[in-house]
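Chain by chain, the residues:
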Amino acid sequence: MTSGWVADRFGVRLAGDAALADLVHVGLRRNPRRAHLLVSTVLGKHIPADPRVVRGTGLELGRLVSKMLDGRSALVLGFAETATGLGHCVAEALGAEYLHSTRRAVPGADAPLRFEEEHSHASTHQLLPEDAALLGAGEVLVLVDDEISTGRTALNTVAALQTARPRARCIVASLVDLRSEQDAAAMAEVAVTCRLRLDVVSLARGSVSWPDDFLERAAAAMAVAPRRERESRPPGELLNYDGLWPPGVREGGRHGFGATDVRAAHRAAGEVAAAVGPRCGDRVLVLGTEELMYAPTLIAEALAKRLPLVRVSATTRSPVFALDEPGYPVRTALAFPSSDAPADGPGQRFAYNVDDDLTDVVLVVDTDTDTAALNDGLLALLRRRAERVHLVVLPCHRPATPLRGPQFGSYRRDEVTWLLTDLSNLALEAPVEEREEAIQSGAAHYAESLPVEFQPDAEYRRLFETALADNAARIAVAVGVVSEIVLAERGAAPVLASLARAGTPIGVLMRRWAAFAHGVQLPHYTISIVRGRGIDVAALRCLAARHDPTDVVFVDGWTGKGAIARELAAAVAAANAELGTDFAPNLTVLADPGRCVSTFGTREDFLVPSACLNSTVSGLVSRTVLNPAILSPGQFHGAKFYRELAADDVSNRFLDAISERFPAVAAEVEQNWPAVQAGDRTPTWAGWGEVEALLRHYGIGDVTLVKPGVGETTRVLLRRVPWAVLVRPDVGRELDHVRLLAARRGVPVWEVDGLSFSCVGLIHPEYTRGASGADGRAVRR
């Protein structure tokens, strides 16, 4: 069934299904191990293809895989570099998690697995998942390649992945299956040895054969083949586009890619096309770069809705023999130096079949590829091929790696996963007054720096121990009540996402209660939320990749006037719109004296001893930092681990003192939680109303200057410039630490009848110009 220059000259034969000849053509490549190359007509790699056909073919292959899954979940793995885009499309069709292998060196990223592709020009593949747990995702492993020639690459991959997470089933999906009977038998034998069901699915099957002397004859022919000289033409116009692709949207699956990333990528591709399309002519090539194939295909597909002729292809490291002869699939070649950071070092790269009558080339690269070598190499060549070259640079996704103790934080490794970036090596602290002045001037947001950590003396530590002894049982009951309500209303295995950092110890305690009372180990994460800037979307994306967003419960320590509850509701709604997720925007707290939430353990305003201290009761972790000068787009918000304070750390002492009370309070919890759940839990926002009344009474101009409740008042005294403290006259020793801190800072304490809160902290109006508004930056006087 094969015709063409390679078949006529060397006797290479391609036989099989009728669809085979429509999917691949035979070419030659300079490779001492295998001289022939099957050049796909539908992959958008060596031969420019209609992007709708490229993506449609991948989705069709994905539908075939779906029929074989029988409803089971899957992890899809695509092979670099040719099948990265195809793998994306298969995963998109399945709604599955996706990862492709890579030959890119990524600073700070360790490869948990490597495997070999023996016949490839560059044989070593590495897997760089952002979270190694991704390798264990899915009941079925789906391997995607553009062709299966012998099956050895698939077997090498299966062998490597089975050591990470053994599975009972694997599906190998490809455009064409060209295995011999011996190759198929070898794969079946390995599957039996690995106790693995191994299935193969493809769009066409066949075989390729060649004479014994083909390798030598092909090498000789390529050595003497004439080269066609192109006519020189003036360089076309170069148009640069910055910021079209949103920085939080992943450009590809090198570190993992989920369903939310697919939706975000489609939206981003549409935005790129809307900006580039009006400046294009009628013959457009969108050119991806090596492993970056899926995003260029989406961009080309979006452009095809606007322009008469759009094709997509991609550069490659494979040295294909180019020959300008009818019937040969690779007619022209552009050779240029690599401009990224390949793991195997720099080398030559190629772009094939780039016609010289194009009006426009849209070159899509990532930030690691956008170097001087790109300008001097590929860009210069493309400008000789088209009237205009549009350079679209996509920001590289940088892996945001979750942190765990003891490397980060003093909590046990299993008790919390910190979705934060470690900034421990940076000097971010400033004295309270200096920091307040910098914020009020408008030069900085409060989350861009950290206050100097308060170091308690012996007298203050005694107050903490007294408060812990007095309130441990009370807190244990509240922990039990709120945990039982969450388990009853959010399912047997909710995912706890505590808000750093006051929420973290409460999340750990809720996790301990679930283990104590029900024998379940709940996943627990800590994420950041910043007033005026919202929740950490990178952290939500990470949660969505690991869990069903509807299972996630946001946890904090307490409420005052409800500012964080309002911030959370708005921020989660915005994140859901961006990510296409359905996180519930509700806050769960231990204590809700402000009556701002519907899920709580108590509505009393009493001292939660963790409010007395800073990092030394919060796993030695700082407040969170969101500073664009030190954090790249896509990274988690940051925080510091104060290892040097380990001698003063009481984080686990606090947790243990409360969880040790669980057996003693279990009966009380069992009696109380159904009554709390059945009672009227509707938020009344009474705390907000009381704060507004205090604003009017004391002539304060902004609601964020009033901090109601024991916890918030303590924070004012530790971190801000306080003006005064209001206390209810009937509250006794549990405010001893507040009175002590106020006395040391020279802050007046005023007794006020009728407060619903135990106390209220007022921030000094002299320091509030631009300091503490609703956006964290400015207020009106």
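Rules of the game
- Residues numbered from 1 in each chain as written.
- Predicted model: local features only at pLDDT ≥ 70, side-chain atom pairs only at ≥ 80, totals over all residues.
- Heavy atoms only, no water.
- Helix = DSSP H or I, 4+ residues; strand = E, 2+ residues; numbered from the N terminus.
- Buried < 20%, exposed > 50% of the residue type's maximum accessible area, 1.4 Å probe, protein only.
- Areas by Shrake-Rupley, 256 points an atom, 1.4 Å probe, with all protein chains shown as cover.
- Lys, Arg positive; Asp, Glu negative; His and termini not counted.
- Charge placed at Lys NZ, Arg CZ, Asp CG, Glu CD.
- Pairing = 2+ DSSP bridges.
- Axes fitted to C-alpha atoms, helices over the stretch in contact; angles between N-to-C directions.
- Polar contact = N/O pair within 3.5 Å; in protein donor to acceptor, adjacent residues only side chain to side chain.
- Contact = heavy atoms within 4.5 Å.
- Core = buried A, V, L, I, M, F, W, Y, C linked by side-chain atoms within 4.5 Å.
- pLDDT = per-residue confidence, 0-100.

### Focus: the overall build of the protein chain
When its secondary structure is counted, the protein chain shows 20 helices and 33 strands. Taking the principal axes of its C-alpha atoms as reference, the protein chain extends roughly 100 × 60 × 45 Å. Residues classed as buried in the protein chain amount to 60% of the 781 residues present. For the protein chain, the computed accessible surface area is about 29,500 Å², with 50% contributed by carbon and sulfur atoms. Averaging the coordinates of the 84 positive side-chain charges in the protein chain and doing the same for the 96 negative ones gives two points 1 Å apart.

### Section: the sheet that holds strand β31 (residues 722–727)
The strands making up a sheet associate through hydrogen bonds between their backbones, and the pairing can be parallel or antiparallel. Taken in spatial order, the four strands of this open sheet run β30-β33-β31-β32, and their pairing is mixed. Single-partner strands in this sheet number two, and they are β30 (706–708) and β32 (749–751). The sheet shows a mean angle of 20° between the axes of neighbouring strands, direction not considered. For β31 and strand β33 (residues 759–763), the ladder comprises five bridges, and the chain directions are antiparallel.

### Some words on the side chain of Asp50
Assignment of secondary structure puts Asp50 in the loop between β3 (36–40) and α3 (51–69). Here Asp50 falls in the buried class, since its relative accessible area comes to 18%. Of the polar contacts made by the side chain of Asp50, one reaches the backbone nitrogen of Arg52; its length is 2.9 Å. Once residues within four sequence positions are removed from consideration, Asp50 is found in contact with Val310 and Arg311.

### Remarks on the nonpolar core
Counting residues in each nonpolar core, the largest one holds 87 residues, and the members touching the most others are Phe10, Leu28, Val65, Val76, Val142, Trp245 and Val362. Residues within four places of Val142 in sequence aside, it is in contact with Val65, Leu69, Ala74, Leu75, Val76, Leu77 and Ile171. One finds Phe454, Ala472, Val625 and Leu740 within the second-largest nonpolar core, a separate group that totals 80 residues.

### Digging into the confidence of the model for the protein chain
Detail in the predicted coordinates should be disregarded across regions flagged by low pLDDT. Chain-level pLDDT for the protein chain is 88 on average; 92% of the residues reach the 70-or-more range. Every residue in residues 768–781 is under pLDDT 50, and counting partners more than four places away or in other chains gives 51 contacts.

### Considering the environment of Ile700
Its location among the elements puts Ile700 in the loop between α18 (686–698) and β30. With relative accessibility at 9%, the residue Ile700 sits in the buried group. Separated by 46 residues in sequence, Ile700 and Gly746 place their C-alpha atoms 20 Å apart. Setting aside its immediate chain neighbours within four residues, Ile700 contacts Leu695, Leu705, Val706, Trp723 and Leu762.

### Comments concerning the sheet that holds strand β23 (residues 524–527)
Strand order in this open sheet of six strands is β18-β23-β22-β26-β27-β28, and the pairing throughout is parallel. Where the open sheet ends on each side, the last strands, each with one partner, are β18 (417–418) and β28 (599–602). For strand β27 (residues 587–591) and β28, the ladder comprises three bridges, and the chain directions are parallel. Bridging across to β28, Thr588 finds its partner in Thr599.

### Structural notes on the environment of Pro48
Within the secondary structure, Pro48 sits in the loop between β3 and α3. A sequence separation of 305 residues divides Pro48 from Asn353, and the C-alpha atoms of the two residues are 7.1 Å apart. If sequence neighbours within four positions are ignored, Pro48 has contacts with Leu285, Arg311, Val312, Ser313, Tyr352 and Asn353.

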